[in-house]
Amino acid sequence: MNRYDSTAGPDDQDPAVDGRLVGASADGEDQAVEAALRPKSLDEFVGQERVREQLDLVLKAALARGATADHVLLSGAPGLGKTTLSMIIAAEMQAPIRITSGPAIQHAGDLAAILSSLQEGEVLFLDEIHRMSRPAEEMLYMAMEDFRVDVIVGKGPGATAIPLELPPFTLVGATTRAGLLPPPLRDRFGFTAHMEFYDPAELERVLHRSAQLLDVEIEADGAAEIAGRSRGTPRIANRLLRRVRDYAQVKADGLITLEVAAAALAVYEVDSRGLDRLDRAVLQALLKLFGGGPVGLSTLAVAVGEERETVEEVAEPFLVREGLLARTPRGRIATPAAWAHLGLVPPQQAPGASGQQGLFGA
């Protein structure tokens, strides 16, 4: 049985819901579709081989002992399967799951209310755990270690701490920023796993499985084309699959081939490396207006007509990961791969071309 905290919502689960087709955040439509596509067991879960193997041992050992599983911390970028794994943990342990998020817990009393209502063996999934308030975080220390919380009654000198015993439970914490977790909290997790980006072959398996569940015909080369533009993220792959399905149903008799996938994604402005309009706008401004850089973030944001935070938090991470842009003390610079991807010839001695190595002291 899944139980959702009423105060948690899509924006709580992903701090930057950007509405882009290649954005890793999930809106209401994505969450509804993901619920239907989610694997129900570790055997069905695609990718993350090392994490699955380790987690399988943890869960089977706990079942053999007749005990609750150790607390689990899952870290990694949005859309890689942290929520799905939390539900699989509950299913494998044959336990109910309670789902909430860090931003929804702003007071220690909020956490105490959730913990005091848990059943024995229940799984508590706490998404974006690094965004929980400090008082609630400190209460969680004792709950995780001793299965006990102290509820403060009254104020001032007359305040009294009433110890409240909790049934054994398993906390599954998920975070996109593991570095923001304080060490005392991180150390209380018995099992910690980092979710890696998927390679294209794994995403093809995800797409074939999703296509079967969505009753969509897809050829191998069509799946490969979509996988190559999915930024290593299953959530994006499934979203692109749905948009390509729409195109195929209207213009190609419903069959997704290489040509159909390429044509559909061209309509939605997702290029061969998964860059969308915003990504290309940043690169084009950097290359055409500033000769490849270096250029300051604020100046670059003004040039593309976006907020500084949008460029820094939405566009740049993927461009840096793809090796198309670099952040340096002097500003942002384009790499030779960026010039090649946009089909442009770098100017002589362009900082983003032949002279960029000097920025790193090489």
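Given the structure is predicted, the values throughout are model-derived calculations rather than measurements.

Caption draft 1: A look at the packing of aromatic side chains. Taken as a whole, this structure holds 1 aromatic pair when the rule is applied. Judged by centre distance (5.5 Å) and plane angle (80 degrees), the ring pair of Phe 147 and Phe 169 falls under edge-to-face. Of this pair, Phe 147 sits in the loop between helix H6 (134–146) and strand E5 (148–153) while Phe 169 sits in the loop between strand E6 (160–165) and strand E7 (170–175); the two residues are 22 residues apart in sequence, bridging distant segments of the chain. We classify Phe 147 as partly exposed; its relative accessible area is 22%. Of the residues examined, Phe 169 reaches a relative accessible area of 1% and is grouped as buried. The ring of Phe 197 has Arg 321 lying over it, and the distance from NZ or CZ to the ring centre is 3.6 Å.

Caption draft 2: Local environment of the confidence of the model for the protein chain. Mean pLDDT over the protein chain works out to 83, with 86% of the residues at or above the 70 mark. Low confidence marks residues 352–362, where pLDDT is under 50. Its contacts with residues over four positions away, or in another chain, come to 26 contacts.

Caption draft 3: Spotlight on the pairing of strand E11 (residues 325–328). Note: E11 against strand E12 (residues 331–334), 4 bridges, orientation antiparallel. Residue pairing in the sheet places Ala 326 in a bridge with Ile 333 of E12. Linkage of E11 to E12, two consecutive antiparallel strands, is achieved through a turn of 2 residues.

Caption draft 4: Representation of a negative patch on the surface. On the surface, Asp 215, Glu 217, Glu 219, Asp 221 and Glu 259 cluster together into a patch of negative charge. Its location among the elements puts Asp 215 in the loop between helix H8 (200–213) and strand E9 (217–218).

Caption draft 5: Summary view of the packing of helix H9 (residues 220–228) against helix H11 (residues 258–267). Two elements in contact, H9 and H11, have axes separated by 7 Å at closest approach and are oriented at 30 degrees. When the axes of H9 and H11 are compared, the pair comes out roughly parallel. Touching Asp 221, Gly 222, Glu 225 and Ile 226 of H9 are Leu 258, Ala 261, Ala 262 and Leu 265, all from H11.

Caption draft 6: Representation of the side chain of Ser 41 in the model. Of note, Ser 41 is situated in the loop between helix H2 (28–37) and helix H3 (49–65). Given the relative accessible area of 18%, Ser 41 is considered buried. Sequence-distant contacts of Ser 41, defined by excluding residues within four places in its chain, comprise Ile 88 and Glu 92.

Caption draft 7: Up close: unusual backbone geometry. For Phe 147, which is not a glycine, the phi torsion comes out positive at approximately 50 degrees. In this structure, Arg 231 is a non-glycine residue whose phi angle is positive, near 60 degrees. Considering the arrangement of structural elements, one finds Arg 231 in the loop between H9 and helix H10 (234–251). Looking at Arg 231, the relative accessible area reads 7%, which means it is buried.

Reading the values: rules and limits
Residues numbered from 1 in each chain as written. Predicted model: local features only at pLDDT ≥ 70, side-chain atom pairs only at ≥ 80, totals over all residues. Heavy atoms only, no water. Phe/Tyr/Trp six-rings, centres within 6.5 Å; stacked < 30°, edge-to-face > 60°. Helix = DSSP H or I, 4+ residues; strand = E, 2+ residues; numbered from the N terminus. Buried < 20%, exposed > 50% of the residue type's maximum accessible area, 1.4 Å probe, protein only. Lys NZ or Arg CZ within 6 Å of the ring centre and 35° of its normal. pLDDT = per-residue confidence, 0-100. Contact = heavy atoms within 4.5 Å. Pairing = 2+ DSSP bridges. Patch = residues over 30% accessible without salt bridge, like charges linked within 9 Å, V, L, I, M, F, W, Y side chains within 5 Å. Areas by Shrake-Rupley, 256 points an atom, 1.4 Å probe, with all protein chains shown as cover. Salt bridge = Lys/Arg side-chain N within 4 Å of Asp/Glu carboxyl O. Lys, Arg positive; Asp, Glu negative; His and termini not counted. Charge placed at Lys NZ, Arg CZ, Asp CG, Glu CD. Axes fitted to C-alpha atoms, helices over the stretch in contact; angles between N-to-C directions. Parallel < 35°, antiparallel > 145°, perpendicular 65-115°, else oblique.

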